[in-house]
Amino acid sequence: MKHFLIALVLFLSFSSAKAQIKIEPEKGFTPQVGVLVSMLNDMKNRVERTVKDLKVDEVDFLLDENANSIGTLILHLAATEKLYQVLTFENREFNAEEQKEWGTRMSMGDGARKAFKGKEVDYYLDIYNKVRVKTLEYLKEKDDDWLAIVNEDYGMNYHWAWYHVMEHQSSHLGQILLIKKRIP
């Protein structure tokens, strides 16, 4: 009975939070690409649910002088996804203009602490959303065979590349959750 109640509580918590509790191919994509999209979207939705109600001072909060803020971490997620768009869909790295736009967002640190503060959480989420829209446009053009292609310049197949984007988001979601718990 105890196990049943625990399972019921877990099910209801996921259901009431409208969390995805199964992975299925998204419509409009080939099966494996659709599953990947489902997982990418689930992870992004978790990030958004975690931060959507934060105030500016909470988005800017730093655990210490070397930490990154939640806003910076969201921009870093967007920048990483943007880099993987360029690497996997265009088979190149950032050009000078893109490096200027995305470089600080990728590297974070002192430059980001100075540049990214005083903005509402929607500022950061809008950038993240625009990058994701472009990712989905690109992925709609790809099929399951594309996922298996190995980019010889980087020694990775495209499936691993986009899995890495997802697990990277998961890692930083953990940081965001930790920072959020420590906000005074």
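Residues numbered from 1 in each chain as written. Predicted model: local features only at pLDDT ≥ 70, side-chain atom pairs only at ≥ 80, totals over all residues. Heavy atoms only, no water.

Some details on the overall build of the protein chain
Moving on, step 1. Looking only at helices and strands, one finds 9 helices and 2 strands in the protein chain.
Moving on, step 2. Counted from the first residue to the last, the protein chain has its helices and strands arranged as α-α-α-α-α-α-α-α-β-β-α.
Moving on, step 3. Looking at the protein chain residue by residue over its 184 residues, the buried ones come to 44%.
Moving on, step 4. As presented, the protein chain carries roughly 10500 Å² of accessible surface, and 55% of it is formed by carbon and sulfur atoms. (Helix = DSSP H or I, 4+ residues; strand = E, 2+ residues; numbered from the N terminus. Buried < 20%, exposed > 50% of the residue type's maximum accessible area, 1.4 Å probe, protein only. Areas by Shrake-Rupley, 256 points an atom, 1.4 Å probe, with all protein chains shown as cover.)

Here's the deal with the nonpolar core
Moving on, step 1. V51, I70, I74, L139 and W162 are the most contacted members of the largest nonpolar core, which totals 48 residues.
Moving on, step 2. For this core, the secondary-structure elements that each account for two or more residues are α2 (31–51), α4 (70–89), α7 (121–140), α8 (144–148) and α9 (158–182).
Moving on, step 3. Other than its neighbours up to four places away in sequence, W162 contacts L36, L40, E81, Y84, Q85, T88, F89, T135 and W146. (Core = buried A, V, L, I, M, F, W, Y, C linked by side-chain atoms within 4.5 Å. Contact = heavy atoms within 4.5 Å.)

Side note on the pattern of salt bridges
Moving on, step 1. As enumerated under the stated definition, the model contains 9 salt bridges in all.
Moving on, step 2. Close ionic contact of D42 with R46 constitutes a salt bridge, the shortest N to O distance being 2.9 Å. Residue D42 and its partner R46 are both found in helix α2; the two are separated by 4 residues, about one turn of the helix.
Moving on, step 3. Looking at R46, the relative accessible area reads 30%, which means it is partly exposed.
Moving on, step 4. Among the salt bridges present, the one from R132 reaches E81, with a minimum N-O distance of 2.7 Å. Separated by 51 residues along the polypeptide, R132 in helix α7 and E81 in helix α4 bring together distant segments of the chain. For the residue pair R132 and E81, the accessibility class agrees, reading buried in each case.
Moving on, step 5. Residues participating in the shared-partner salt-bridge network are E90, R92 and E98. (Salt bridge = Lys/Arg side-chain N within 4 Å of Asp/Glu carboxyl O.)

Some remarks on unusual backbone geometry
Moving on, step 1. Non-glycine residue N91 carries a positive phi angle of around 50 degrees.
Moving on, step 2. The exposure class assigned to N91 is partly exposed, which follows from its relative accessible area of 45%.
Moving on, step 3. Residues other than glycine seldom take positive phi values, yet M108 does so here, at roughly 60 degrees.
Moving on, step 4. Relative to the helices and strands, M108 is located in the loop between α5 (96–107) and α6 (109–115).
Moving on, step 5. Given a relative accessible area of 14%, M108 falls into the buried group.

Notes on α4
Moving on, step 1. The end-to-end C-alpha distance of α4, which contains 20 residues, comes to 28 Å, matching closely the 28 Å that a straight helix rising 1.5 Å per residue would cover.
Moving on, step 2. Buried residues dominate α4, accounting for 20 of its 20 residues.
Moving on, step 3. After α4 finishes, the residue N91 shows a positive phi value of roughly 50 degrees. (Expected span 1.5 Å × (residues − 1).)

A word on the packing of aromatic side chains
Moving on, step 1. For the structure on display, the rule yields 5 aromatic pairs.
Moving on, step 2. With 5.3 Å between their ring centres and 10 degrees between their planes, F89 and W146 make a pair best called stacked. In this pair, F89 is assigned in helix α4 and W146 in helix α8, connecting sequence segments 57 residues apart.
Moving on, step 3. Members of the aromatic cluster, each reached through a chain of ring pairs, are F89, Y138, W146, Y158 and W162.
Moving on, step 4. Stacked on the ring of W102, the Lys or Arg R105 has its end atom at 4.7 Å from the ring centre. (Phe/Tyr/Trp six-rings, centres within 6.5 Å; stacked < 30°, edge-to-face > 60°. Lys NZ or Arg CZ within 6 Å of the ring centre and 35° of its normal.)

So, the packing of α2 against α7
Moving on, step 1. At their nearest, the axes of α2 and α7 sit 12 Å apart, and the two run at 175 degrees to each other. For the element pair α2 / α7, the angle class is roughly antiparallel. Side by side, α2 and α7 meet where V33, V37, L40, N41, K44, V47, E48 and V51 of the first sit next to V121, L125, Y128, N129, R132, L136 and L139 of the second. (Axes fitted to C-alpha atoms, helices over the stretch in contact; angles between N-to-C directions. Parallel < 35°, antiparallel > 145°, perpendicular 65-115°, else oblique.)

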